[in-house]
Structures are given as structure tokens and as C-alpha cells.
Amino acid sequence: MSEQLPDLKIFLAAPRGFCAGVVRAIDIVERALELHGKPVYVRHEIVHNKYVVEDLKQKGAIFVEELDEVPDGDRPVIFSAHGVPKSVPEAAKNRNLFYLDATCPLVSKVHMEASRHYQDGYEIVLIGHAGHPEVIGTMGQLPEGAITLVEDETDVAKFEPRDPDKLAYITQTTLSVDDTRGIIEALEKKFPNIHGPHKEEICYATTNRQESVKSVAPHCDMVLVVGAPNSSNSQRLVEVAKTAGSKHSMLVQRASEIDWDAMAGVKTLGITAGASAPEVLVNEVVDAFRERFNVTVETIKTKDENVEFKLPRQLRREGEPGAPSRATAAQ
């Protein structure tokens, strides 16, 4: 007689996984391959997920760190969803490269906000994490010194602007709402006349995934976040799960990384996924638990998502709204 498996209740957080910006970025690579054939070059990881990157490599994408790795010619080169400094498309133009920009439209909005503030004579504070591609891209929209990065309230305390009455702030889109709230409050307390964004810049998907984790975490002995270590929004989900009431939380890229010793005694498990993690990896994790536990699954949904972002004009098929003419497409 086989040994009876221990019971495990899994709470699946919803929404989870791919956001509209990630879907658009992946679609851009796949559509470019469809229209232009192999290879298509991609500068940096298109999104922060190894599984996605490897899948696109198998389809014909070549990932490079910088444009000097892209040979001269008419092969498409795609910029990642995180955005790039202005110097990158300028360098592509100088070499007559055919480039496609997969920057998330919500990140592009932050870039435009920064440019407007700069044109209006404001010094700009960016709330974000040093070294993150989105931060590098945003700071690279303007001349050096125009934007100052603050990562926490200590940075705010040390920051001395040229003119405290001509100051504005913007935020990295993938941060925790709770993390930015404290920094924003510190900025507003120190600089009462500081200008904020016209609209909250934390992206809808980041907010929704954090809210869904907050609803799941109090029921759970452990929360697993499926995502990459270099994914900012995935790392924030781990933190949010801890502060929202889960006894433990951890990040895994896929089922093979699960620490089964840490699962000893776990009777209730929450599972979510960062905005760049595909649902196939969530299913893989659930299946791994089914092999070791008598699993029952309940989905806890906090919001419906129906956001879609259009592809660049150059990639729209003939007959699709906004598709270029044959002459334009051939340029």
C-alpha cells in the first residue's frame, strides 16, 4: 500500500504573471522573426525571465549586451521592455540599423514626464533601484546631473537640490507601492513644493499583483513567487508577502529550484508570479507539489485585467489598424 501524501492547500493569487508590457515585448520579438526571418537581435534580456529568453533564442533571437555586437545590415535589433537611454537609438540611427523599441508604454510615460519636468526647468528626483535597466534607461533620457536617484529615505535626507522650489519626482514603475509611499512622504515633508507625477507611476500590473499577494498571504504558511532574481517586481512580491502576513516567502525561477526541506510542515501555500514569468512555470510548480502532496487549489482573484498595448506600426500586418503602407514598411 502506498504511503498517503500529506494534504496541502494551494492558494493561487490572481492576477499574476505576464503583464501587457511583457506580452507586447515578447510579441514584438516573435512578430519580427515572423516578418523578417532569423536572426533578430535583442539588446539585453527582452524581459527578466530566463525561460522566456531561452525560448526566444530557440526561435531565432540573438541576445546582445550592446549594439556593437550587432553586425551592419538590415537585421532588426530590438530594445528591451525596460527602456534604454537616448544614446542607444541615436547610436542605432548613426549606423542605419533597423531598430524596434519594445519599451513598455508605461515606462515611456515616465520618460515623457521626466522630459516635461526638465523642459519646465525642474530638477528631478527618481525613486528607484541603482543599476536596474529601467533606472538606467530613465536617467539616460536627460543630460547627466538632471536626474538624481534616491533609493530610500536616507538618500532623501542627504539630498540637497539646487532649488527646493523647482523640484519634481518620478518613480521606477516596478517598485512596491508601500516602499515608495515612505520615500514620497519623506520628499514631501522635506520639500513641500515638490511636484509629483500627474498620475501614479507604479504600473497597474505591479499594483495588482501586490494587492493579490496581500489577499493571499495571511492564509499561508509559505508564499512562493515564481520569477527571476533580477526581476524587480518579483523581488517586491516576496517582500510584500512577508509584510502581509505569510510566515515565509521565497522566490523560485521554476520547480527545480524549490527547497523541499523548507516545505516541511507547510499546510497552506500561496503561489504567484512576477510580471515577466509565464503561466507555464506556475503550472510546473503546482505539478511538482502534486507529486509530493495531496493538493487542493483555490484561486483568489482581486481584480480583472484587460489591458493591451499595440505593437509598433512596423510590425502590424497589412490590413491591421495603423499598419504601414508597403512603401513605408520597406524603408
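See the structure printed just above.
None of the values given here were measured: they were computed from a predicted structure.

Trainee: Outline the nonpolar core, supporting the account with residue identities and numerical values.
Mentor: Counting 29 residues, the largest nonpolar core has Val29, Ile46, Leu56 and Ile78 as the members making the most contacts within it. When residues of this core are traced back to their parent elements, those giving at least two are α1 (20–36), β2 (40–43), α2 (50–59), β3 (61–64) and α4 (105–119). Ranked by residues supplied to this core, first place goes to α1 with seven residues. Those residues in contact with Ile78, other than ones at most four positions away along the chain, are Ile28, Val29, Ala32, Val40, Tyr41, Val42, Arg43, Ile46, Leu100 and Ala102. The next biggest cluster of nonpolar side chains, apart from the first, holds 23 residues, and it includes Leu8, Met222, Val282 and Val286.

Trainee: I'd like a description of empty space enclosed by the protein, backed by residues and values.
Mentor: Considering all chains together, one arrives at one cavity of 30 Å³ or more under this definition. In this model, the largest cavity occupies a volume close to 270 Å³. Taken together, 24 residues make up the lining of the largest cavity; nearest its centre are Cys19, Val22, His82, Thr174 and Asn233. Elements supplying a minimum of two residues to the lining of the largest cavity: α1, α4, α8 (204–216) and α9 (232–243).

Trainee: Provide a residue-level description of the side chain of Thr180, including the pertinent values.
Mentor: You can see Thr180 is positioned in helix α7 (residues 177–190). The exposure class of Thr180 is buried, given its relative accessible area of 3%. Setting aside residues no more than four positions away along its own chain, Thr180 makes contact with Ile127, Leu175 and Ile202.

Trainee: Explain the sheet that holds strand β8 (residues 167–171) to me, and be specific about the residues and the numbers.
Mentor: Sheet architecture is open: three strands sit in the order β7-β6-β8, paired in parallel fashion. In this open sheet, the two edge strands, each paired with only one partner strand, are β7 (147–150) and β8. Put simply, the sheet's adjacent strands are angled 30° from each other on average, direction ignored. In the sheet, strand β6 (residues 123–127) pairs with β8 via five bridges, with the strands oriented parallel. In the sheet register, Val125 faces β8, and the bridge partner there is Tyr169. Here α4 sits on the sheet and contacts β6 and β8; the angle it forms with β8, its principal contact strand, is near 170°.

Trainee: An account of the packing of α1 against α2 is needed here, citing residue identities and associated values.
Mentor: Contact geometry for α1 and α2: axes closest at 11 Å, N-to-C directions at 5°. Judged by the angle between their axes, α1 and α2 are roughly parallel. On α2, the residues that touch Ile26, Val29, Glu30 and Leu33 of α1 are Val52, Asp55, Leu56 and Lys59. In the contact of α1 with α2, the residues fall into five nonpolar, no polar and three charged.

Trainee: I'd like a description of the packing of aromatic side chains, backed by residues and values.
Mentor: On inspection of all chains with the given rule, the structure shows four aromatic pairs. Judged by centre distance (5.2 Å) and plane angle (20°), the rings of Phe79 and Tyr99 are stacked. One end of the pair, Phe79, is in strand β4 (residues 76–79); the other, Tyr99, is in strand β5 (residues 98–101), with 20 residues separating them in the sequence. Phe79 gets classed as buried once you look at its relative accessible area, which sits at 0%.

Trainee: How would you explain the layout of surface pockets if you had to name every residue and give the values?
Mentor: In this structure, the largest pocket spans a volume of roughly 390 Å³. Lining of the largest pocket is provided by 17 residues; of these, Leu106, Lys109, Lys199, Glu200 and Glu201 occupy positions nearest its centre. Elements with a contribution of two residues or more to the lining of the largest pocket: α4 and α8. Broken down by element, the residue count for the lining of the largest pocket peaks at six residues, all from α4.

Trainee: Describe in detail a negative patch on the surface, supporting the description with residues and values.
Mentor: Taken together, the side chains of Glu151, Asp152, Glu153, Glu185 and Glu188 make up a negatively charged region of the molecular surface. Take Glu185: it is sitting in helix α7.

Trainee: Got a sec to walk through the packing of α8 against α9? Specific residues and values, please.
Mentor: When two helices pack together, their arrangement is captured by the angle between the axes and the distance separating the axes. Packing of α8 against α9 leaves a shortest axis separation of 9 Å and a crossing angle of 30°. As judged from the angle between their axes, α8 and α9 are roughly parallel. Where α8 crosses over α9, the handedness of that crossing is right-handed. Residues Thr206, Arg209, Gln210, Val213 and Lys214 of α8 form the contact with α9, whose participating residues are Asn233, Arg236, Leu237, Val240 and Ala241.

Trainee: Requested: an account of α4, with residues and values cited.
Mentor: Here α4 is 15 residues long and its end C-alpha atoms lie 21 Å apart, about the 21 Å a rise of 1.5 Å per residue gives. If you follow the buried residues of α4, they end up packed against β6, α5 (133–139), β8 and α8. Positive phi appears at Gly121, one or two residues downstream of α4, with a value of about 85°.

Trainee: I'd like a rundown of α2, residues and numbers included.
Mentor: Inspection of α2 places Val52, Val53 and Leu56 among the buried residues, and these make up the whole buried set. Taken down its axis, α2 places every buried residue within 100° of arc, on the same side. Within α2, the exposed residues directed more than 90 degrees away from the buried face are Lys50 and Gln58. On its buried face, α2 is in contact with α1 and β3. Where α2 begins, the capping side chain belongs to Asn49, and its oxygen is found 3.1 Å from the backbone nitrogen of Tyr51. Gly60 sits one or two residues past α2 and shows a positive phi near 125°.

Parameters at a glance
Residues numbered from 1 in each chain as written. Predicted model: local features only at pLDDT ≥ 70, side-chain atom pairs only at ≥ 80, totals over all residues. Heavy atoms only, no water. Core = buried A, V, L, I, M, F, W, Y, C linked by side-chain atoms within 4.5 Å. Buried < 20%, exposed > 50% of the residue type's maximum accessible area, 1.4 Å probe, protein only. Helix = DSSP H or I, 4+ residues; strand = E, 2+ residues; numbered from the N terminus. Contact = heavy atoms within 4.5 Å. 1 Å grid on protein atoms, 1.4 Å probe; cavity = no way out; pocket = protein on both sides within 12 Å on 5 of 7 lines; lining within 4 Å. Points joined across faces, edges and corners; volume = space filled by probe spheres on them. Pairing = 2+ DSSP bridges. Axes fitted to C-alpha atoms, helices over the stretch in contact; angles between N-to-C directions. Parallel < 35°, antiparallel > 145°, perpendicular 65-115°, else oblique. Nonpolar A, V, L, I, M, F, W, Y, C, P; charged D, E, K, R; others polar. Phe/Tyr/Trp six-rings, centres within 6.5 Å; stacked < 30°, edge-to-face > 60°. Patch = residues over 30% accessible without salt bridge, like charges linked within 9 Å, V, L, I, M, F, W, Y side chains within 5 Å. Areas by Shrake-Rupley, 256 points an atom, 1.4 Å probe, with all protein chains shown as cover. Salt bridge = Lys/Arg side-chain N within 4 Å of Asp/Glu carboxyl O. Lys, Arg positive; Asp, Glu negative; His and termini not counted. Charge placed at Lys NZ, Arg CZ, Asp CG, Glu CD. Left-handed = near helix turned anticlockwise from the far one by under 90°. Expected span 1.5 Å × (residues − 1). Arc of directions from axis to C-beta. Polar contact = N/O pair within 3.5 Å; in protein donor to acceptor, adjacent residues only side chain to side chain.

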